[in-house]
Structure formats: C-alpha cells, structure tokens
Amino acid sequence: MYYTQEQIDRANTADLVSFLQSQGEQLTRAGNEYRWKRHDSLTVRGNKWYRHSQSKGGAPIDFVMEFFGKSFTEAVELLTGEKGAAPPPDRPSPAPLSDFRLPPRNNDNRIARNYLIAARRIDEDVTGFFFSTEDIYEEAAHHNTVFVGRDESGVPRYAHQRGTAGSFRLDVKGSDKAFNFCYRGEGERLFVFEAPVDLLSFLCLFKKDWQKQSYLALGGVGEKALLRFLSDRPNIKTVYLCLDSDQAGNDACSRLVKLMPEGLTVHRLIPFFKDWNEVQTRRGEITDGKYLREAVYGLKEPPQEETVEIIRMSEVDTQTVEWLWEPYIPFGKVTIVQGNPGEGKTTFALRLAAACTTGGTLPGMKPLPPFQVIYQTAEDGLGDTVKPRLIEAEADLDRVLVIDEAKRELTLSDERIEKAIVQNRARLIILDPIQAYMGEKADMNKANEVRPIFRRLADVAERTGCAVILIGHLNKAAGGQSAYRGLGSIDFRAAARSVLLIGRVKREPNMRVIIHDKSSLAPEGKPIAFCLDPDTGFEWVGEYDITADELLSGAGGNTATKTEQAKKLILDLLADGKELASEDIEKAAAEAGISARTVRAAKKNLDGRITSKRIGAAWYHALKK
C-alpha cells in the first residue's frame, strides 16, 4: 500500500498520550511527561517517546512498529485511521530494506583517501577518523568514494557514491534517505550540511572538540534525514543550519525552520564562499580566519520560561546588628511597643526620643552622639501635650521633627517616610499609634493586607538604617498570652524584629514595666521599670522581676506572694465547672514555678470556695456552685 508524505507526516505528529489511551493503556503523569505502566522505563510527551533503559526514542510511527509489532504501512494506518492506496503508475515502488546492500569494499582506501585529501583538501586526521569507522571507504569496482549512513543501532541503511573525478554521484539502490551520512556526538548541538564533503570541510575549519557534537549531511536540501535524526536524538537542543550560500540554500533554510519540532533553538551559519568545501580549499585567502560570512541567530527559539532569581548564601555579606538600645531596639529594623491605654507607652517613647536628641541614655544603654528623631502622633496635640512633655524630658527640641500632615495624612506606606529620614538623617522614627497610620483602605485584622505594608516599612528601615518604633494598643482579651494581645493581625508581631510590652504593676500603681516580649536578633533583655510618681515625676527604677503574662494578668509584682499566685491559678484551672485531680493541678503549678507545698497551702485558703472528693487513690477538686 502507498501513503503520501503528507499522510506520513500526519502520522508522525500524532499525540502518543491520546493514542495509548485509545488503546486502553494506563499512563501516569510524571511532570510534563507520561510514564507507560506496561513499560515503566518509557515516557511519552506529545509526539515524542523515549525508552530510558535503552537510551533510545523516536516518533509515533517508530513507536507503533516497535511496541505494537506493526509494519510501516500498518503503523501509519493505525495512527491516522486512513487506508493506503496503490502506488501511482508513474511512481516506482520503494525498495524494501532487504534490497539495500553496501557496495563491495576495495582492499585499501588509497584512491578515495587521495581524492579527499588532494582534491578536496580535507585534513588527513579528519578523513582518517571516518575511514577507521568505515563510514567512508573505497568501492572495489570503480574506486568510488562511498559515504555510509547508519541508524541509531549502527546498522548501514544508506550509502552515497562519489566518483574520484568529482562528477559521478549516486545513491546506492535501496538507500533510506532518512539515515544519511552523519556523526553522532553526546552534546546538545547539531550541525546540518547539504553534502558529506561540506560536513568534513567544516570539521577541518572548526576542529576543536568537534567529536562532542553531532553533524548531519542531508544529501541535498530535503528534510527527511533531519527530522529522523531529531526524532532519534531528543537530547538535541540547538540546530545550526550550515547550508550553501545560494538561493537554494536560503530557501531550504526558510523551509526547514518551519518543520523543526517545538522547543529547539535554530541558528544559521553562512559560509564565506558558496559552500564549506570552497572555504576549506581557499582558506589561505582568508587571512583573518573568519570563515563565516554571517551568523544568523534566533531563526527559531523555544518559549522562554520565567527564571527564578536565586541568591546564594555564600554570596551574602554577613552584617553585624547595630543597636539603639541593646537588646531592646535595633537600628534598621521595626520595633513594636505595645500596652493598654494610659500605662506609659507614650511616656517611654518621648523619654527615648529626648535621650536620642541629647546623647542621653536609658538603663544599660550605651552613649550615642545626638541625632535627629521623627515623632508622629495621631492621639496627642503637638503644642499642648507633646512639646511640654519633651521639655520635661529635657529634649533638644531642634532635633525632634514632625512630618506635616495638614494636607495629606501619613500612612505606613507613604513615600514621605523614607524621604524625611534621608533628607534629615534621622536615626529614629516613632509612629503613635500603629492603627492611625495603616491607611483607610487597609484592614489591620487581615494578614494578607498587613504583610505587604510591613514589608515595605521594613525595607525602608533596612535601606536607611533608621530604627522604626510603632506604638500599639492591646486588645481586650484579658488573660490571654501576651503574643496574642496585640491589636490587629498577629502579622504585626511576626514582622517586627523586637516587641516591647509596657504595663502597670497592679499592686504598685505608680510602677510601669518594659518587658522584652520578642527578640529575633539577640537574647531577650530583662524587664526594666520606671516610676511615674504624682509628686516626684518620672524616674528609672531598673530591673524588675515579673513576666509578661503576670504583668497582663495583674498577678505579678514584688508584693505578690507565691500562695496568691497559686490561688489564682487554681481558680483559673477550675473555672467553667471543670473538675481536676490534685496531681494535674500540681503539675500545672510546677510549670508556672509554684511548688506542691504552696499549692496545698493555697487550697486551704480556698477551702470555702472549692469542694474535694476522693475517687480511688486520687483526690479531685471543683469550685462550689
């Protein structure tokens, strides 16, 4: 049966995934490819297949012939669903593979070797390589030079004879032009020529490491050998068309580019003279060694995939953290100061600002030269509240700056923040409170809206080296852990490198404590207290023994006894009608640093409020109704 080239091409563009599924075969996806369960070393993608265990692959017709045992015509019929026709009367039937025979070899290659070296000026080491592989040899009857084409298995499938006088050219009967004269390297580049002599000439001109790449002669300008080669060699990524510098070569390049499979990069190399053998025979005339008339790049390019920018940690410069107040407030980072209203956040912020403008210090703070501070507040008046309190703190008022918001309110994303820092060389900016500077369109309870705003602010701090302090309020979830008491999304806390909690000690109303509640850059600092006495005013007290949760719950303070802490713990554990064993209560107390003896004393003090009963060997307690 006869199939036209169009039908054969259509068969070879069939989607192998769809074909196998139509045959009832099971496939599993592996990235952009599919793996055939019946042959787990074989993968298919589009109209390509590759058998990894044997390092071979090809197009759909070859696939059907190999794995379904079909003949060539049967394979085309199965892939296209079309019956073949009888050959046209004016078209000879193609010779079967069994009709192909290599011409008998001569005893030596002397005449063929002399033709290539003397007449064609091919270097002896290049001719010697192909004579040794028997891809070139001398025919016995007429001493013609024979160029052999082999398939991927090394079996001769094609032979072309060329007379030593240069005029005789003939393809051997039964030759399959899909397997023309070539060299198969392991590299990803393929160089394509019209004739074997041009291929050999090119190797002489560009000899360095030539055996790493692949080279193919088309035997003219047809595409059959090229498409077969690319089908057999899926590792090829770049094709160089090295056809003759004439109209036929130009037209062929334009046609071949359109036939190339997707995913390949195609360039064209145009010889300085008409063809590569003419360049080789006249290379002495080319004094500058430029054997190319022109290189045309990008005739075809694969779709560009977006690349991911990667930073190698080996290339990152190690940086030392600079501190405004170590370990509480770093330069170039965001610090959050939070607490309930009226418990000293603003007082602390203004005292810090005053110290920075005069070169003063806070407890444990190393002296720094005076610098500019930007102070933004949305809660206090500048003239009636902020300035008087700065004067009380003995600040240098010339160094305390405020961004004017009369025409436009400031937000954390406002470009004026960075401009003001840079223009005034400020090393500290305080924004009080966070909520007022989020912007009217941002929901501070939504992490996806908080995160980008804080990222931009953190970048500003990083670029300028300025310490950024955000004053924040606590939510009303009394009794909760300090990490979840910040107003708004937990991403506020996550984005900050340091979080300071300021609160009033319940048993000492004039005492305020700064607790280092989070530190990403150094071990947490010890709690620091200051006193706000109605008579004596502000005074730093120094280190204070209390935890964040104790400060928030009101259980802490120097006068709070362990027994009182234990009593509160027991009441919290038994709240909401819970009943717990003594062992569980003592275990929870131990985790809070309270001894079993103290727990027993606390239970006696609560005797009128709790009930006890024995179940087996254990005592259980609950609150009286």
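Chemist: Sorry, what's going on with the overall build of the protein chain here?
Modeler: Across its full length, the protein chain holds 19 helices and 29 strands. Computed over the C-alpha atoms, the radius of gyration of the protein chain is 43 Å, more than 25% above the 25 Å expected from 2.2 N^0.38 for a compact globule of 625 residues. The C-alpha extent of the protein chain, read off along each of the three principal axes, is 125 × 75 × 45 Å. Counting the 625 residues in the protein chain, one finds 44% classified as buried. Approximately 32,900 Å² of the protein chain is accessible, and the part contributed by carbon and sulfur atoms is 48%. Here the protein chain contributes 86 positively and 89 negatively charged side chains, and the mean placements of these two sets differ by 3 Å.

Chemist: I would appreciate a short explanation of the sheet that holds strand E9 (residues 169-171) in the present structure.
Modeler: Neighbouring strands of a sheet are bound in pairs by backbone hydrogen bonds; such pairs are parallel or else antiparallel. With respect to topology, four strands assemble into an open sheet ordered E6-E7-E8-E9, the strand pairing being antiparallel. Looking at which strands have only one partner, the edges of the open sheet turn out to be strand E6 (136-138) and E9. Within the sheet, the average angular offset between the axes of one strand and its neighbour, ignoring direction, is 25°. Bridging between strand E7 (residues 145-150) and strand E8 (residues 156-162) involves six bridges; their strand directions are antiparallel. Within the sheet, the bridge partner assigned to valine 146 lies in E8 and is glutamine 161. Relative to the sheet, helix H5 (residues 110-119) contacts E6, E7 and E8, its axis offset from that of E6 by approximately 125°.

Chemist: Whenever I open this one, helix H6 (residues 124-132) confuses me. Can you help?
Modeler: Three or four residues apart is the spacing at which side chains of an α-helix point the same way, because the helix has 3.6 residues per turn. Of the positions making up H6, those classed as buried are Val126, Thr127, Phe130 and Phe131. Axial view of H6: buried residues confined to an arc of 130°, hence all on one face. Residues of H6 that are exposed and point more than 90 degrees away from the buried face comprise Glu124 and Ser132. At its buried positions, H6 is contacted by H5, E6, strand E10 (182-183) and helix H7 (196-205). Taken from the residues just after H6, glutamate 134 is the one with a positive phi, measuring 65°.

Chemist: What should I look at first to understand the pattern of salt bridges in this one?
Modeler: When charged atoms on two side chains of opposite charge get close, those side chains can pair. One pass over the full model with this rule turns up 35 salt bridges. One salt bridge in this structure joins arginine 10 and glutamate 82, with 2.7 Å as the shortest N-O distance. Remark: glutamate 82 occurs in the loop between helix H4 (72-80) and H5 and arginine 10 occurs in helix H1 (residues 5-11); sequence separation between them is 72 residues. Residue glutamate 462 is joined to lysine 333 by a salt bridge in which the shortest nitrogen-to-oxygen separation is 2.9 Å. Taken together, the residues glutamate 462 in helix H14 (residues 447-464) and lysine 333 in the loop between strand E17 (329-330) and strand E18 (334-339) connect sequence positions 129 residues apart. Take glutamate 462: its relative accessible area is 42%, and that puts it in the partly exposed class. Salt bridges sharing common partners tie together Asp151, Arg157, Asp176 and Lys224.

Chemist: How should the nonpolar core be read in this particular structure?
Modeler: Buried together is how nonpolar side chains tend to be arranged in soluble globular proteins. Leu324, Trp325, Ile329, Phe348, Leu352 and Leu428 are the most contacted members of the largest nonpolar core, which has 35 residues in total. Every element with two or more residues in this core is listed here: strand E16 (323-325), helix H11 (345-358), strand E19 (373-377), helix H12 (382-392), strand E21 (428-432), strand E22 (467-473), strand E23 (498-505) and strand E25 (528-533). Excluding residues that lie within four positions of it along the chain, phenylalanine 348 makes contacts with Trp325, Ile329, Val337, Leu362, Leu500, Ile502, Ile514, Phe530 and Trp540. Grouped together as the second largest cluster of nonpolar side chains are 31 residues, Phe147, Phe181, Cys242 and Phe273 included.

Chemist: Could you clarify how one ought to interpret the environment of leucine 428 in this entry?
Modeler: Among the secondary structure elements, leucine 428 is positioned in strand E21. Classification of leucine 428 as buried rests on a relative accessible area of 0%. For leucine 428, the residues in contact, after removing those within four places along its chain, are Leu324, Leu352, Cys356, Phe371, Gln372, Val373, Ile374, Cys466, Ala467 and Ile469.

Chemist: Just to check I follow, could you spell out the packing of H5 against H6 for this structure?
Modeler: Angle between the axes and distance between the axes are the two parameters that describe a pair of packed helices. Running from N to C, H5 and H6 point in directions that differ by 145°, and their axes come no closer than 10 Å. Both H5 and H6 take part in a crossing whose hand is right-handed. Contact with H5, carried on its side by Ala112, Arg113, Leu116 and Ile117, involves Glu124, Thr127, Gly128 and Phe131 of H6 and no other residues of that element.

Chemist: Quick question: what am I supposed to make of H5 here?
Modeler: Along H5, the residues that are buried comprise Ala112, Tyr115 and Leu116. Each buried residue of H5 sits inside an arc of 85° when the element is viewed along its axis, so together they form one side. In the stretch just after H5, arginine 121 is the one whose phi turns positive, near 60°.

Chemist: Sorry if this is basic, but what is going on with the side chain of serine 175 here?
Modeler: Looking at the secondary structure, you find serine 175 in the loop between E9 and E10. Within polar-contact distance, the side chain of serine 175 engages the backbone nitrogen of alanine 159 at 3.1 Å. Excluding its chain neighbours within four sequence positions, the residues that come into contact with serine 175 are Phe100, Arg157, Tyr158 and Ala159.

Chemist: Hey, could you run me through the pairing of E21 in this one?
Modeler: Most of E21 is tucked away, with five of its five residues classed as buried. Every second residue of E21 is oriented toward a common face, with Leu428, Ile430 and Asp432 on one face and Ile429 and Leu431 on the other, all of them buried. In this structure, E21 lies alongside E22, joined through four bridges in parallel fashion. For leucine 431, the partnering residue across the bridge sits in E22 and is leucine 470.

Chemist: Help me out: how do you make sense of the confidence of the model for the protein chain in this one?
Modeler: Detailed reading of the predicted coordinates is not advisable wherever pLDDT is low. With 92% of its residues at a pLDDT of at least 70, the protein chain reaches an overall mean of 87. For residues 90-98, every residue scores under 50 in pLDDT, and the model assigns this stretch four contacts once sequence neighbours within four places are set aside.

Chemist: How should I be thinking about the packing of aromatic side chains in this particular structure?
Modeler: Centre distance and the angle of the planes are the two values used to describe a pair of aromatic rings. Scanning all chains against the criterion turns up 32 aromatic pairs. Taking 5.4 Å as the distance between ring centres and 45° as the angle between the ring planes, the aromatic pair formed by phenylalanine 130 and phenylalanine 181 counts as tilted. Taken as a pair, phenylalanine 130 in helix H6 and phenylalanine 181 in the loop between E9 and E10 lie far apart in primary sequence, 51 residues in all. For the pair formed by phenylalanine 130 and phenylalanine 181, the shared burial category is buried. In this structure, arginine 105 packs its charged tip against the face of tyrosine 137, placed 4.1 Å from the ring centre. Seen from the ring of phenylalanine 273, arginine 282 lies directly overhead, with NZ or CZ sitting 3.8 Å from the centre.

Conventions we followed
Residues numbered from 1 in each chain as written. Predicted model: local features only at pLDDT ≥ 70, side-chain atom pairs only at ≥ 80, totals over all residues. Heavy atoms only, no water. Helix = DSSP H or I, 4+ residues; strand = E, 2+ residues; numbered from the N terminus. Rg over C-alpha atoms; globule rule 2.2 N^0.38 Å. Buried < 20%, exposed > 50% of the residue type's maximum accessible area, 1.4 Å probe, protein only. Areas by Shrake-Rupley, 256 points an atom, 1.4 Å probe, with all protein chains shown as cover. Lys, Arg positive; Asp, Glu negative; His and termini not counted. Charge placed at Lys NZ, Arg CZ, Asp CG, Glu CD. Pairing = 2+ DSSP bridges. Axes fitted to C-alpha atoms, helices over the stretch in contact; angles between N-to-C directions. Contact = heavy atoms within 4.5 Å. Arc of directions from axis to C-beta. Salt bridge = Lys/Arg side-chain N within 4 Å of Asp/Glu carboxyl O. Core = buried A, V, L, I, M, F, W, Y, C linked by side-chain atoms within 4.5 Å. Left-handed = near helix turned anticlockwise from the far one by under 90°. Polar contact = N/O pair within 3.5 Å; in protein donor to acceptor, adjacent residues only side chain to side chain. pLDDT = per-residue confidence, 0-100. Phe/Tyr/Trp six-rings, centres within 6.5 Å; stacked < 30°, edge-to-face > 60°. Lys NZ or Arg CZ within 6 Å of the ring centre and 35° of its normal.

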